[in-house]
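# Structure assessment
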Amino acid sequence: MKRQLLTLFFLTILSTAFAQKQNAIKPGEVWPDNNGDHIQAHGGGIVKIGKVYYWYGEERRPGLDTGYRYVSCYSSNDLMNWKFRGYAIKLKRPDSILTNNWVLERPKVYYNNATKKYVMYMHIDGGIKGISKSKWAYDYARVGVAISDKATGPFKYLKAFRPLDKESRDIGQFIDDDGTAYLIFECRPTDGFYIAKLSADYLTVDKEVSFIHAPLEGGAIVHYKGLYYVVGSALSGWSPNPNKVATSASIYGPWSSFENIAPPETKTYSSQSTMFIKVAGSKDTTVIFMGDRWKPSQLSDSRYIWIPVQIGDGKLWLPEPKAWTIDVKTGKWNYVNDKPEGK
Ligand code: DGJ
């Protein structure tokens, strides 16, 4: 009996150890962190500090204190294996005018080289007491800002505001190759989305850089070989739709018309744009589309659709999602069942 128990113990340890090592990115599958738990970084954002990638996102696991909203932080050296670093912020209702159904969505973190601070932007929304008609209204429409000395937090909540005095819902993050930091935000009353430059300390928005008159959210931008590619999703709540791309030679525009980024019937392979990661390695540059496959009935089980995109000359296209692997040093990637290039 004792021996059987010991065997069981070692088998459990072994299987956990194997479950933890990820050798591929498998779009749409459960993505275990170092503890074997599905990563909770929905609607997330990634920032690279030195050689370490930090992934922040909506923490939705069951059993959390419902009086708070949480942002989780994960770190990785290879974009495949992610270590849970805890809650970067655990936020109590930040404004007494918000009803209990307030939300914290799509958190993004920027590192400010001058102030040495980490600055988090998040979409804070929900019903306003005595005004909102629906229990699930998104009427607050502001960005929240929090600050930390460390990438992993704890972040201290500072304020919520309307960037450029506009209603702001989905937010996106874009850091250009020259380090300039931008916030992308969707605005219903003006029927489009803004790209705004952050202030020198990143604690507020400095100025409008572009307004794109297209009813799109989930805004994501990548700068690749002299062109800016902006992607967004139609306004269909948690349900996926065909996401689209426009391009411009300048972040100030003018922007081209929008084109599909995947066969429209797949509805972006049942996902919604969140961000791009550009891996500029010694041999190649790979651009990764980060999408969320939302599961509104159980948000914690929402999946990640990360796809290395086909990009260049004004075209951006998502091939069918398949398991793939990347070498962040060389920037090269492969489908897991294919032989590496040149072999
Ligand atoms: C779509 C947004 O992109 C999500 O972040 C979330 O706000 C859902 N709408 C809520 O319906």
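From a predicted model like this one, the values you see are computed outputs, not experimental measurements. (Residues numbered from 1 in each chain as written. Predicted model: local features only at pLDDT ≥ 70, side-chain atom pairs only at ≥ 80, totals over all residues. Heavy atoms only, no water.)

## Brief notes about the overall build of the protein chain
- Looking only at helices and strands, the protein chain features two helices and 23 strands.
- Against the 2.2 N^0.38 benchmark of 20 Å for 343 residues, the protein chain shows a C-alpha radius of gyration of 20 Å, consistent with a compact globule.
- Its C-alpha atoms put the protein chain at 65 × 50 × 45 Å along the principal axes.
- For the protein chain, with 343 residues in total, the buried portion stands at 52%.
- For the protein chain, the exposed area adds up to about 16000 Å²; of that, 52% sits on carbon and sulfur atoms.
- Across the protein chain, the 45 positively charged side chains and the 34 negatively charged ones have centroids separated by 6 Å. (Helix = DSSP H or I, 4+ residues; strand = E, 2+ residues; numbered from the N terminus. Rg over C-alpha atoms; globule rule 2.2 N^0.38 Å. Buried < 20%, exposed > 50% of the residue type's maximum accessible area, 1.4 Å probe, protein only. Areas by Shrake-Rupley, 256 points an atom, 1.4 Å probe, with all protein chains shown as cover. Lys, Arg positive; Asp, Glu negative; His and termini not counted. Charge placed at Lys NZ, Arg CZ, Asp CG, Glu CD.)

## Some remarks on the nonpolar core
- Core analysis: the biggest nonpolar cluster contains 22 residues, and Trp55, Leu79, Trp82, Ile277 and Trp306 have the highest contact counts within it.
- Looking at this core, the elements with two or more residues in it are strand S2 (52-58), strand S17 (272-280), strand S18 (285-293), strand S19 (303-308) and strand S22 (324-327).
- Examining the composition of this core, we find that three residues originate from one element, S17, more than from any other.
- The contact partners of Leu79, leaving out residues within four places of it in the chain, are Ile25, Trp31, Tyr53, Ile277, Val279, Ile288, Trp306, Ile326 and Val328.
- Listed in part, the 21 residues of the second largest apolar core include Ile89, Val109, Met120 and Phe155. (Core = buried A, V, L, I, M, F, W, Y, C linked by side-chain atoms within 4.5 Å. Contact = heavy atoms within 4.5 Å.)

## Considering the site of the ligand
- The ligand sits among Glu105, Arg106, Tyr138, Asp170, Glu217, Gly237, Trp238 and Gln272.
- With respect to the ligand, the side chain of Arg106 contributes an N or O atom lying 2.9 Å from an oxygen atom.
- For the ligand, whose free accessible area comes to 290 Å², the fraction covered by protein is 88%.
- Its residues placed into classes, the shell around the ligand shows two nonpolar, two polar and four charged. (Near = heavy atom within 4 Å. Polar contact = N/O pair within 3.5 Å; in protein donor to acceptor, adjacent residues only side chain to side chain. Nonpolar A, V, L, I, M, F, W, Y, C, P; charged D, E, K, R; others polar.)

## Side note on the pattern of salt bridges
- Tallied over the entire structure, the rule returns 14 salt bridges.
- The residue Arg60 makes a salt bridge to Glu58 at a minimum N-O spacing of 2.7 Å.
- A relative accessible area of 2% means that Glu58 is categorised as buried.
- With a shortest N-O distance of 2.6 Å, Asp149 and Lys117 are connected by a salt bridge. Taken together, the residues Asp149 in the loop between strand S7 (142-148) and strand S8 (156-161) and Lys117 in strand S6 (residues 117-125) connect sequence positions 32 residues apart.
- Taking relative accessible area as the criterion, Lys117 reaches 29% and is therefore assigned partly exposed.
- Taken together, the salt bridges that share partners define one network made up of Asp37, Glu59 and Arg61. (Salt bridge = Lys/Arg side-chain N within 4 Å of Asp/Glu carboxyl O.)

## Overview of the side chain of Ser271
- Along the polypeptide, Ser271 turns up in the loop between helix H2 (267-270) and S17.
- A polar contact of 2.7 Å, which involves the side chain of Ser271, links it to the backbone oxygen of Thr268.

## Focus: the sheet that holds strand S3 (residues 68-76)
- Pairing in this open sheet of four strands is antiparallel, and the strands run S1-S2-S3-S4 from one edge to the other. Sheet topology places strand S1 (42-49) and strand S4 (83-92) at the edges, where each strand pairs with a single neighbour. Within this sheet the neighbouring strands show an average axis-to-axis angle of 20°, counted without direction.
- Where S2 meets S3, six bridges bridge the pair, whose relative direction is antiparallel. Bridge pairing links Glu58 to Val71 in S3. (Pairing = 2+ DSSP bridges. Axes fitted to C-alpha atoms, helices over the stretch in contact; angles between N-to-C directions.)

## Regarding unusual backbone geometry
- For the peptide bond that leads from Gly153 to Pro154, omega is 5°, which places it in the cis range.
- Take Pro154: it is sitting in the loop between S7 and S8.
- Put simply, Gly253 and Pro254 share a cis peptide bond, and its omega is 0°.
- For Thr268, which is not glycine, the phi dihedral falls at a positive 55°.

## Considerations on the pairing of S2
- Of all the seven residues making up S2, six are buried; the element is thus mostly covered by neighbouring parts of the structure.
- Relative to S2, S1 runs antiparallel, the two being bridged by six bridges. Along S2, the bridge assignment pairs His42 with Glu58.
- If you look at the hairpin formed by S1 and S2, you'll find two residues sitting between the two strands, and Gly50 has a positive phi there, around 60°.

## Details of the packing of aromatic side chains
- The tally for this structure, following the rule as stated, stands at 24 aromatic pairs.
- Geometrically, the ring pair formed by Tyr194 and Phe211 is tilted, given 4.6 Å between the ring centres and 40° between the ring planes. In this pair, Tyr194 sits in strand S11 (residues 192-198) while Phe211 sits in strand S12 (residues 205-212), placing the two residues 17 residues apart along the sequence.
- Residue classification places Phe211 among the partly exposed residues on the basis of a relative accessible area of 29%.
- Each residue in the set Trp31, Trp55, Tyr68, Tyr70, Tyr74, Trp82, Phe84, Tyr87, Tyr304 and Trp306 is aromatic and connected to the rest through ring pairs, giving one cluster. (Phe/Tyr/Trp six-rings, centres within 6.5 Å; stacked < 30°, edge-to-face > 60°.)

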